[in-house]
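# Geometric and topological summary
What follows is the residue order along each chain.
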Amino acid sequence: MTIDLRSDTVTKPTKGMLDAMMSANVGDDVYKEDPSVNALEAKVAKLFGKEQALFFPTGTMANQAAIKLHTQPGDQVICDKYAHIYNYEGGGASFNSGVSCKLLDGNRGMFTAEQVVEAINPPDFYHSPLTTLVALENTTNKGGGACWDFNEIKKIRKVCNDNNLGLHLDGARLWNALVAKNESALDYGKQFDTISVCLSKGLGCPVGSVLVGDTKFMEKAIRIRKIFGGGMRQVGFLAAAGIYALDNQFERLAEDHIKAKQLGNLLAKQNYIKKVEPVETNIVIFELNTTYSETTFTEKMNQQHIRLSNMGQGKLRIVTHHDYTDAMHSKFCQVLVGL
Ligand SMILES: *Cc1c(COP(=O)(O)O)cnc(C)c1O
């Protein structure tokens, strides 16, 4: 039994999901004739109260398309120094959209409305890049699954309105925040111009992300997706997995959060641990003291067929997910205590 806690992307489709995929009604989505894709897009748009949604193969492509929708080459995007769009999308913001990022020194991947105000370049000061977009991430990946305070988001929306800036949410794990904080997708839809969500993380789909927004922002999205090489044909087989996941595997994210909290609490009590970051959703980031190096620790885990991520700078990461069973959880807890 391998216990793979590197990411919530390692899950495999459940029997129910595979059945839904196998029986999907499909067509050529490049002609917009795939009923399952159309149904998924309508479902997600409705969930967020937005006019349009578009299915993407990956969250990276959805975010990159969003950046392109909101900016012109030479513009500047305000985001946190931990942002996925800056750190983990291969430099796509500059490659695809020709924009630079103004990095904010936030707390666990989250920043304040005041920080945004300070980071905006005055539009008439033509020596500096023109600020056109603010991008948030919820939950924060590198920030350890932290959830934003919704009031701060509202304040940032106001700053964006006052300064004519677009507001994008990288909501790869927004589902986790909604469950953890009992928030509504509709409220998020009201604050953001565009939101990307992943189906392939906690929801357990093999592939897929969706970008939602109002027509004003989304009308060019399908062209950009085409340019990025993301027009797919009978992709309803994958969209069907997304519909199934939203209907059947959404509420259960709470179980991942419980297990992650238990692991966080357990780790905090071990003498080889220096620090555990607060656990809010399904990600646990921790640091070791001098008892073990990260490499030794990871090797010890590997010997027990337990896999986790080394994030560098002394940080290790665990992510709980659908395929991390109760049996795996008790074994992992025993291993951590017995080390
Ligand atoms: C996973 C993730 C994405 C998208 O990743 P893909 O692997 O391209 O689907 C985007 N943002 C965050 C915060 C993520 O965790």
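Below, the structure is looked at part by part. Keep in mind that what you see is a predicted model, and the values were worked out from it rather than measured.

## Section: the site of the ligand
- Taken together, 13 residues are adjacent to the ligand, and Gly59, Thr60, Asn141, Asp170 and Lys201 come closest.
- At 2.9 Å, a backbone N or O of Gly59 approaches an oxygen atom of the ligand.
- A distance of 2.6 Å separates an oxygen atom of the ligand from a polar atom in the side chain of Thr60.
- Protein contact buries 84% of the 380 Å² of open area that the ligand shows by itself.

## A look at the nonpolar core
- With 51 residues, the main nonpolar core has Phe48, Val134, Leu136, Ile156 and Tyr188 as its most contacted residues.
- When sequence neighbours within four positions are dropped, the list of residues in contact with Tyr188 reads Phe48, Asn138, Phe150, Ile153, Leu169, Leu174, Leu178, Glu183 and Ile195.
- Core analysis: the next-biggest nonpolar cluster, separate from the first, contains 25 residues, Leu263, Val279, Ile306 and Val335 among them.

## A word on the packing of aromatic side chains
- Per the counting criterion, the structure on display carries nine aromatic pairs.
- Consider the rings of Phe48 and Trp175, whose centres lie 6.0 Å apart with planes at 55°: the pair is tilted. Separated by 127 residues along the polypeptide, Phe48 in helix H2 (residues 35–48) and Trp175 in helix H8 (residues 174–181) bring together distant segments of the chain. Across the pair, exposure class does not vary: Phe48 and Trp175 are buried alike.
- With centroids separated by 5.8 Å and ring planes inclined at 75°, the aromatic side chains of Phe286 and Phe297 adopt a geometry described as edge-to-face. Here Phe297 lies in helix H14 (residues 294–303) and Phe286 lies in strand E10 (residues 283–288), a separation of 11 residues in the sequence.
- Among the aromatic side chains, those forming a connected cluster through ring pairs are Tyr272, Phe286, Tyr292 and Phe297.
- The side chain of Lys81 reaches across the aromatic face of Tyr82, ending 4.9 Å from its centre.
- Just above the ring of Tyr82 sits the side chain of Lys142; from NZ or CZ to the centre is 5.3 Å.

Conventions adopted
- Residues numbered from 1 in each chain as written.
- Predicted model: local features only at pLDDT ≥ 70, side-chain atom pairs only at ≥ 80, totals over all residues.
- Heavy atoms only, no water.
- Near = heavy atom within 4 Å.
- Polar contact = N/O pair within 3.5 Å; in protein donor to acceptor, adjacent residues only side chain to side chain.
- Areas by Shrake-Rupley, 256 points an atom, 1.4 Å probe, with all protein chains shown as cover.
- Core = buried A, V, L, I, M, F, W, Y, C linked by side-chain atoms within 4.5 Å.
- Buried < 20%, exposed > 50% of the residue type's maximum accessible area, 1.4 Å probe, protein only.
- Contact = heavy atoms within 4.5 Å.
- Phe/Tyr/Trp six-rings, centres within 6.5 Å; stacked < 30°, edge-to-face > 60°.
- Helix = DSSP H or I, 4+ residues; strand = E, 2+ residues; numbered from the N terminus.
- Lys NZ or Arg CZ within 6 Å of the ring centre and 35° of its normal.

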